[in-house]
Amino acid sequence: MATALQNLSDYDASNFTDISEKRFGLVVAEWNREITDVLSAGAYDTLLKHGAKAENIYRNTVPGSFELTLGAQFLAQHDEMDAVICLGVVIRGETKHDDYICHAVAQGITQVGLKFNKPVIFGLVTTNTLEQAWDRASGKHGNKGVEAAVAAIQMLGF
Ligand code: RBF
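Cut-offs and rules
Residues numbered from 1 in each chain as written. Predicted model: local features only at pLDDT ≥ 70, side-chain atom pairs only at ≥ 80, totals over all residues. Heavy atoms only, no water. UniProt positions renumbered as here; feature names shortened; annotations may be inferred. Axes fitted to C-alpha atoms, helices over the stretch in contact; angles between N-to-C directions. Helix = DSSP H or I, 4+ residues; strand = E, 2+ residues; numbered from the N terminus. Parallel < 35°, antiparallel > 145°, perpendicular 65-115°, else oblique. Left-handed = near helix turned anticlockwise from the far one by under 90°. Contact = heavy atoms within 4.5 Å. Nonpolar A, V, L, I, M, F, W, Y, C, P; charged D, E, K, R; others polar. Buried < 20%, exposed > 50% of the residue type's maximum accessible area, 1.4 Å probe, protein only. Polar contact = N/O pair within 3.5 Å; in protein donor to acceptor, adjacent residues only side chain to side chain. Expected span 1.5 Å × (residues − 1).

- An unreviewed UniProt entry annotates the protein as 6,7-dimethyl-8-ribityllumazine synthase originating from Hymenobacter sedentarius.
- The UniProt entry for the protein carries the following comment under Catalytic activity (unreviewed entry): "(2S)-2-hydroxy-3-oxobutyl phosphate + 5-amino-6-(D-ribitylamino)uracil = 6,7-dimethyl-8-(1-D-ribityl)lumazine + phosphate + 2 H2O + H(+)".
- Under the heading Function (unreviewed entry), UniProt records this for the protein: "Catalyzes the formation of 6,7-dimethyl-8-ribityllumazine by condensation of 5-amino-6-(D-ribitylamino)uracil with 3,4-dihydroxy-2-butanone 4-phosphate. This is the penultimate step in the biosynthesis of riboflavin."

## Details of the packing of helix 2 (residues 33-49) against helix 6 (residues 144-156)
- Two numbers describe how helix 2 lies on helix 6: the axes approach to 6 Å, and their chain directions differ by 40°. Viewed along their axes, helix 2 and helix 6 adopt a mutual orientation that is oblique. Here helix 2 and helix 6 pass one another in a crossing that is right-handed. In contact with Leu39, Gly42, Ala43, Thr46 and Leu47 of helix 2, helix 6 contributes Lys144, Gly145, Val146, Ala149, Val150 and Ile153.
- Residues of the contact of helix 2 with helix 6, tallied by class, amount to 7 nonpolar, 3 polar and 1 charged.

## What to know about the UniProt feature "active site" (unreviewed entry) in the protein
- On the UniProt side, "active site" (unreviewed entry) is annotated at positions that read His97 here.
- Locating histidine 97 in the fold gives a position in helix 4 (residues 97-116).
- Overall, histidine 97 belongs to the partly exposed group, its relative accessible area being 34%.

## A look at the UniProt feature "binding site: (2S)-2-hydroxy-3-oxobutyl phosphate" (unreviewed entry) in the protein
- Per the UniProt entry, the sites bearing "binding site: (2S)-2-hydroxy-3-oxobutyl phosphate" (unreviewed entry) are Glu94, Thr95 and Arg136 in this numbering. These annotated residues cover 43 residues of sequence, and their C-alpha atoms reach 22.8 Å apart at the extreme, placing them across more than a single site.
- Locating threonine 95 in the fold gives a position in the loop between strand 3 (83-91) and helix 4.
- A relative accessible area of 52% means that threonine 95 is categorised as exposed.
- Position of arginine 136 among the secondary structure elements: in the loop between helix 5 (130-135) and helix 6.
- A polar contact of 2.8 Å, which involves the side chain of arginine 136, links it to the backbone oxygen of glutamine 132.

## Structural notes on the packing of helix 3 (residues 68-76) against helix 4
- At a closest axis distance of 8 Å, the pairing of helix 3 and helix 4 adopts a crossing angle of 15°. As summarised for this structure, helix 3 and helix 4 are arranged roughly parallel, according to the angle between their axes. In terms of crossing hand, the pair formed by helix 3 and helix 4 is right-handed. Contacts between helix 3 and helix 4 pair Leu68, Thr69, Ala72, Gln73 and Ala76 from the former with Ala104, Val105, Gly108, Ile109, Val112, Lys115 and Phe116 from the latter.
- Across the contact of helix 3 with helix 4, the residue classes tally to 8 nonpolar, 3 polar and 1 charged.

## Topic: helix 6
- Along its 13 residues, helix 6 runs 18 Å from first to last C-alpha, staying within 8% of the 18 Å computed at 1.5 Å per residue.
- In terms of residue burial, helix 6 counts as a mostly covered element, since 10 of its 13 residues are buried.
- Its side-chain oxygen 2.6 Å from the backbone nitrogen of glycine 145, asparagine 143 forms the N-cap of helix 6.

## Describing the environment of tyrosine 58
- Structurally, tyrosine 58 can be placed in strand 2 (residues 57-62).
- Here tyrosine 58 falls in the partly exposed class, since its relative accessible area comes to 33%.
- Taking the C-alpha atoms as reference points, tyrosine 58 and valine 84, separated by 26 residues in sequence, lie 9.2 Å from one another.
- In this view, tyrosine 58 contacts Arg23, Phe24, Gly25, Leu26, Leu75 and Met81; residues no more than four positions away in its chain are not counted.

Here it is, written out as structure tokens:
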């Protein structure tokens, strides 16, 4: 599985850009909240660790991952917002709802990033089981919230 081989939680911060004056939006889905809270904490702590100020990190929740796109747009539309990080967990079910949600979010947040010309990061964990999702939040495949924050910092240094 690709994400089993690609763990960006081990990253090289030596050439990170200065983010001490950058503003970040975190949009966190409430579905599978136990896991999204861990992703959110990972992203938040990573931004702080690399110099962001707590008062410059705006955390918001949306009901489910499908709403991440609009939540991202609400934040990205503000000129002073530098990057937005979207976090959610979608578990494959018996129907194809997960496909619809994931495709909609992937396309939606891509559009938001292009529209506002700023990083809008895709931190959507999509797995077959809850256990696989936990592995990507606090387990053997790192924390995808940490990785989403790293991606945002990297894009700000582009
Ligand atoms: N939201 C998630 O973030 N993760 C899910 O795994 C998830 N599964 C859903 C399954 C079904 C059948 C439905 C109807 C919604 C699901 N949602 C899930 C919620 C979705 O993202 C959205 O919040 C709602 O559909 C309201 O627009």
